[in-house]
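# Breakdown of the fold
Residues per chain are reported as follows:
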Amino acid sequence: MSKSSIAMQDGSLALQPGYADHAADALRDLRQAGDAVFADVEPHHDTAGTIQLGFWIYLMSDCLLFSGLFATYAVLHGHTAGGPTPGQLFDLPYTLTETMFLLFSSFTCGLATLAMNADKKNATLGWLAVTFALGLGFVIMEVHEFAGMVAIGATAERSAFLSCFFTLVGTHGLHVTCGLIFMAVMMAAVARKGLTATNRARLNCMMLFWHFLDIIWVGVFSLVYLSGVVH
Amino acid sequence: MNVANEAVGGHGPHGAHGGHAGHGSHGPTYKQYITGFVLAVILTAIPFALVIGHVVQDVLLVITVCATAQIIVHVVYFLHLDRSEEQRWNRMALLYVVIMVGIVLGGSLWIVYNLNHNMMPGVMHSKVWK
C-alpha cells in the first residue's frame, strides 16, 4: 500500500481519500498470485504422485525384507540334517503351474489397469475378478503343497533347510494373501463408489503391489525350486 | 508424478500442466503388457525346460541369467519404470535397493563360503572336541 493512502497524523493512523481503490488493487493482485501458485501445484495430481512414490518406497523396503530371507535360504539350503532334500520334495511341473497362475494374474492385473485408465468401471471390475481368481488359485496350490510336505514329516522344524524354505515361501504366500484382501476391498470400493480419484490412486498402489509379488516369485522359483532340484 | 519437476525445474510450463506419467497419453498400453507377458513366459519356460529335461551342465548360470532378465522385463513392462524425469526418485530408491540386496546376498554367500572353507568339520572336531 502506498504512502498516499495511509499517513500518520497526530500519532494516529488516518486513511486518506482513495484508499479503497488501492486496497482493492492489492487484494486483486494477491488473489491472482494465489491462483497462479495453486494452479502450479495442482493438489490432486501431486497427491496421487506422492502416494505412488510413497508406496514405491514401501515396496523397496519390502525387497530388503525378502533379501534377508533369500540370503538366509541361500546360506542354509544345504543343511538338511539327514531329512528330505530339495530334490526329493519339489515337483517342478507343479511349481511351473503355480508360476503360470501368478504370471497370468499379473497380466490380467495390467488389463485391469488399462480398463481403469479408459474409465471402464465394469471391465476394471471384471479383470480384477479374474486376477483375484488366479491369485487365489496360486495360494490354494501353495497351501496344498505345504500340507503335502507336512504330511510326510517335512515340517519347518525338521531341518535348517526346511525352516528357511517355509519362512521364505510362506512370507511370499502371506504377501499374496494380503494382496488378495487388498484387491477384494478395492473391488468393493470401486463397485460402490466408482472410479473416483481416491479409488484410482489406491488401485494404482494395489496393482504395483501385485506386480511386485510376481517379481519376488521369480526369485523364489529360481533360487528355491529350480536351483534346489539342480543341486 | 510432479515431485521431481517441482524440485528441479521450478514452476515451468510443463510443471503447470502436471506430470501425466500415470494417465493419458503416456500411460501403459496393451502392447507393453503383451510384450512383457510373452517375454516373461519365454524366460520362465527356458530354465524350467532345461532343469526338467536335464539338458545343460551349467544350468545354474542359465537360471540366474533368465531370472535377472525376467525381473528387468517385469520392472520395465509391468511396473513401467522408465527414464522419465517424473520417476527419478523411483529409480533412486530401486538403485539403493539393488545395491543393498547385492551386499546382503553376495556378502552372506561370500562370508559363509569362506567359513565353510576354513572350518572343515574334521578340523573343528580335532581342535574343539578332542
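Here goes a summary of the coordinates provided. Residues take numbers from 1 onward in each chain, read along the sequence in its written order. By the order in which they are written, chains take letters starting at A while ligands take numbers starting at 1. Side-chain atom pairs in this predicted model are given and counted only at pLDDT of 80 or more, local residue features only at pLDDT of at least 70, and totals for whole chains, interfaces and linings cover all residues. Excluded from the side-chain calculation are hydrogens and water; included are all heavy atoms of the structure.

In DSSP terms, a helix is any run of H or I states spanning at least four residues, a strand is any run of E spanning at least two, and both are numbered starting from the N terminus. When helices and strands are counted, chain A shows seven helices and two strands. Helices (α) and strands (β) of chain A occur, in sequence order from the N terminus, as β-β-α-α-α-α-α-α-α. By the burial criterion, 46% of the 231 residues in chain A qualify as buried. Within chain A, contacts between residues at least 6 apart in sequence are counted, and of these 75% link residues at least 24 apart. Residue burial considers only the protein chains on display, and all accessible areas are found by Shrake-Rupley using a 1.4 Å probe. Of the roughly 10700 Å² of accessible surface on chain A, 66% is carried by carbon and sulfur atoms. In this scheme, a residue with accessible area under 20% of its type's maximum is buried, one over 50% is exposed, and one in between is partly exposed, where area comes from a 1.4 Å probe on protein chains only. By the convention used here, residues are in contact when the closest approach between their heavy atoms is within 4.5 Å.

Regarding its fold elements, chain B presents six helices and zero strands. Secondary structure elements of chain B occur, N-terminal to C-terminal, as α-α-α-α-α-α. Out of the 130 residues belonging to chain B, those deemed buried represent 29%. Residue pairs at least 24 apart in sequence account for 52% of intrachain contacts in chain B once pairs closer than 6 positions are excluded. Summed over all atoms, the accessible surface of chain B reaches about 8400 Å², with 71% contributed by carbon and sulfur.

This paragraph deals with a nonpolar patch on the surface. All names here are of chain B. Side chains of Tyr30, Ile34, Val38, Leu39, Ile42 and Ile46 sit close together on the surface and give an oily, nonpolar patch of about 510 Å² of accessible area. Along the polypeptide, Leu39 turns up in helix α3 (residues 30-53). Residue Leu39 is classed as partly exposed on the basis of its relative accessible area, which comes to 32%. For patches, a residue must show more than 30% relative accessible area and have no salt bridge; joins then use 9 Å for like charges and 5 Å for nonpolar side chains, namely Val, Leu, Ile, Met, Phe, Trp and Tyr. A pair is scored as a salt bridge if a Lys or Arg side-chain nitrogen falls within 4 Å of a carboxyl oxygen belonging to Asp or Glu.

Time to look at the nonpolar core. Membership of the largest hydrophobic core comes to 66 residues, with the highest contact counts inside it found for Phe165, Leu203 and Tyr225 of chain A. If you list the elements that add at least two residues to this core, you get α2 (43-76), α4 (92-117), α5 (121-151), α6 (160-193) and α7 (197-230) of chain A together with α3, α4 (59-78) and α5 (88-118) of chain B. No other element matches the 18 residues that α7 of chain A contributes to this core. Look past the residues within four positions of Leu203 of chain A in its chain and what remains in contact with it is Met116, Thr124, Leu128, Met186, Val190 and Leu195 of chain A. In this description, a nonpolar core means a group of buried Ala, Val, Leu, Ile, Met, Phe, Trp, Tyr and Cys residues linked to one another through side-chain atoms lying within 4.5 Å.

What follows concerns the packing of aromatic side chains. Between rings of Phe, Tyr and Trp, where Trp is taken as its six-membered ring, a pair exists when centres lie within 6.5 Å; planes separated by under 30 degrees are stacked, by over 60 edge-to-face, and by other angles tilted. Applying the stated criterion across every chain yields a total of 19 aromatic pairs over all chains. Among the aromatic residues, those joined into a ring-pair cluster are Tyr73, Phe90, Phe138, Phe146, Phe161, Phe165, Phe166, Trp217 and Tyr225 of chain A.

Before going further, it helps to spend a moment on the interface of chain A and chain B. Chain A puts 48 residues into the contact, and the matching count from chain B is 51 residues. Buried area is calculated as the accessible area (1.4 Å probe) missing from two parts once they are joined, with the contributions of both summed. When chain A packs against chain B, the two sides together hide about 4300 Å² of surface, and 80% of this comes from carbon and sulfur. For the interface between chain A and chain B, the tally reads zero salt bridges. Among the secondary structure elements, those contributing two or more residues to the side of chain A that touches chain B are α1 (19-41), α2, α4 and α7 of chain A.

What follows deals with the environment of Val41 of chain B. One can find Val41 of chain B in helix α3. In sequence terms Val41 of chain B and Gln70 of chain B are 29 residues apart; their C-alpha atoms lie 9.0 Å from each other. With residues near it in sequence (within four places) discarded, Val41 of chain B still touches Met100 and Leu103 of chain A.

Residues and elements named next belong to chain B. Tallying each qualifying case throughout the model produces two salt bridges over all chains. For the salt bridge of Glu85 with Arg88, the shortest nitrogen-to-oxygen distance reads 2.8 Å. Given the relative accessible area of 32%, Glu85 is considered partly exposed. For Arg88, a relative accessible area of 28% puts it in the partly exposed group.

It is worth spelling out the packing of α4 of chain A against α7 of chain A at this point. Residues and elements named next belong to chain A. Running from N to C, α4 and α7 cross one another at 160°; their axes reach a closest spacing of 10 Å. Accordingly, the angle class assigned to the pair α4 and α7 is roughly antiparallel. Of the two possible hands of crossing, α4 and α7 adopt the one that is left-handed. Under the scheme applied here, ten amino acids are nonpolar (Ala, Val, Leu, Ile, Met, Phe, Trp, Tyr, Cys and Pro), four are charged (Asp, Glu, Lys and Arg), and all others, including Gly, are polar. Here the contact of α4 with α7 is built from residues that sort into 16 nonpolar, nine polar and three charged. As a rule, the C-alpha atoms of each element are fitted with a line to give its axis, helices using only the stretch in contact, and angles between N-to-C directions run from 0 to 180 degrees. For classification purposes, angles smaller than 35 degrees are called roughly parallel, those larger than 145 roughly antiparallel, those between 65 and 115 roughly perpendicular, and all remaining angles oblique. Each crossing is labelled by how the near helix is turned from the far one, with a counterclockwise turn of less than a right angle marking it left-handed and a clockwise turn marking it right-handed.

Let us look at α5 of chain B. Multiplying 1.5 Å by the residue count of a helix minus one yields the expected span of that helix. For α5 of chain B, spanning 31 residues, the distance from its first C-alpha to its last is 44 Å, which sits close to the expected 45 Å at 1.5 Å a residue. Within α5 of chain B, burial applies to Asn90, Ala93, Val97, Gly107 and Val112 of chain B.

Let's shift gears to the packing of α5 of chain A against α7 of chain A. All names here are of chain A. Relative to each other, α5 and α7 sit at 30°, their axes nearing to 13 Å. Comparing the axis directions of α5 and α7 gives the class roughly parallel. You can see that α5 and α7 cross each other, and the crossing is left-handed. When α5 is examined against α7, the residues Thr124, Leu128, Thr131, Gly135, Phe138, Glu142 and Glu145 are found in contact with a partner set consisting of Leu203, Met206, Met207, Trp210, Trp217 and Tyr225.

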